[in-house]
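Structure at a glance
Next come the chains, spelled out residue by residue.
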Protein chains: 2
Amino acid sequence: MENNTEYPPGTHVLLDFWGATGLSDVDFIEQALMNAANRCEATVLYIKLHQFGKEGGVTGVALLAESHISIHTWPELGYAALDVFMCGKCDAENSVEPLKEYFKPANFKINRIIRGKYE
Amino acid sequence: MENNTEYPPGTHVLLDFWGATGLSDVDFIEQALMNAANRCEATVLYIKLHQFGKEGGVTGVALLAESHISIHTWPELGYAALDVFMCGKCDAENSVEPLKEYFKPANFKINRIIRGKYE
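Residues numbered from 1 in each chain as written. Chains lettered and ligands numbered in written order. Predicted model: local features only at pLDDT ≥ 70, side-chain atom pairs only at ≥ 80, totals over all residues.

Now for the interface of chain A and chain B. The interface is formed by 35 residues belonging to chain A together with 35 residues belonging to chain B. Those elements giving two or more residues to the side of chain A that touches chain B turn out to be β1 (10–18), β2 (44–51), β3 (58–64), β4 (67–74), β5 (79–87) and β6 (107–115) of chain A. Per-element tally for the side of chain A that touches chain B: the top contributor is β4(A), with five residues. Among the residues making up the side of chain A that touches chain B, the classes are represented as 16 nonpolar, 15 polar and four charged. (Contact = placed C-beta atoms within 7 Å. Helix = DSSP H or I, 4+ residues; strand = E, 2+ residues; numbered from the N terminus. Nonpolar A, V, L, I, M, F, W, Y, C, P; charged D, E, K, R; others polar.)

Written out as structure tokens, the structure is:
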């Protein structure tokens, strides 16, 4: 086994949005995820979104050749949890402003985690 | 808009496994994700796994009623990045030992992030 200290597969950006809009609109959310992937020059392999009842929250993922973007929304709270995990040449950071432009959070928090770096 | 300081939707556990096994076996990975979901008493809505060529890495997700479990593997490195994000009454922590039992990492790192807690 190698610890691969020289090989961090990627960066994982965890976004918490409060006071956000569009959280029960599946088509809008799909557009937002596709746009975020495009802005990172990532390749979408597959996208799946599930809505909990009419006008309810949405949970879903865009599987990428470079890892994934996921979203879980609580429209009744104005809250959404998004993750953007990208490996290879793609930079997850490039998704942050596009996602903020779509969902227009009043407040947000960002956690950035380096994945695959052995310490 | 409410900041919902009393409403943390869930816990996100990010697992990095090194020296792990079974990383190019799609059926095995599906079993591992299903078992992890069951151990957390989570409801699997949908599971999708994609393999990059024969014997290559696997990228995939189990969408849950309580959020998601994702996996991305680099079998050539023995490395896998797993995420377990669970909201509601499910505890993502209960997936950690089952996932270690499946993939038998020689080394691992765990990041735990509280999601949805406004600070």
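Turning chain A through 180° and shifting it by 0.0 Å along the axis lays it on chain B, with an RMSD of 0.0 Å. Given the turn and translation reported, the copies of this chain are related as if by a two-fold rotation axis. Closest approach to the rotation axis among the C-alpha atoms of chain A is made by Val61(A), whose C-alpha sits 3.9 Å away. In this assembly the copies share their binding face: 100% of the residues contributing to the interface of chain A also contribute to that of chain B. (Least-squares fit on C-alpha atoms with pLDDT ≥ 70 in both.)

This brings us to the environment of Gly22(A). All names here are of chain A. Mapped onto the elements, Gly 22 comes out in the loop between β1 and α1 (26–39). For Gly 22, a count of 18 C-beta atoms within 10 Å corresponds to the partly exposed category. Along the chain, Gly 22 and Ala 80 lie 58 residues apart, while their C-alpha atoms are 10.0 Å from each other. Sequence-distant contacts of Gly 22, that is, excluding residues within four places in its chain, are made with Phe 28, Ile 29, Tyr 102 and Phe 103. (Buried ≥ 20, exposed ≤ 12 C-beta atoms within 10 Å, placed from the backbone.)

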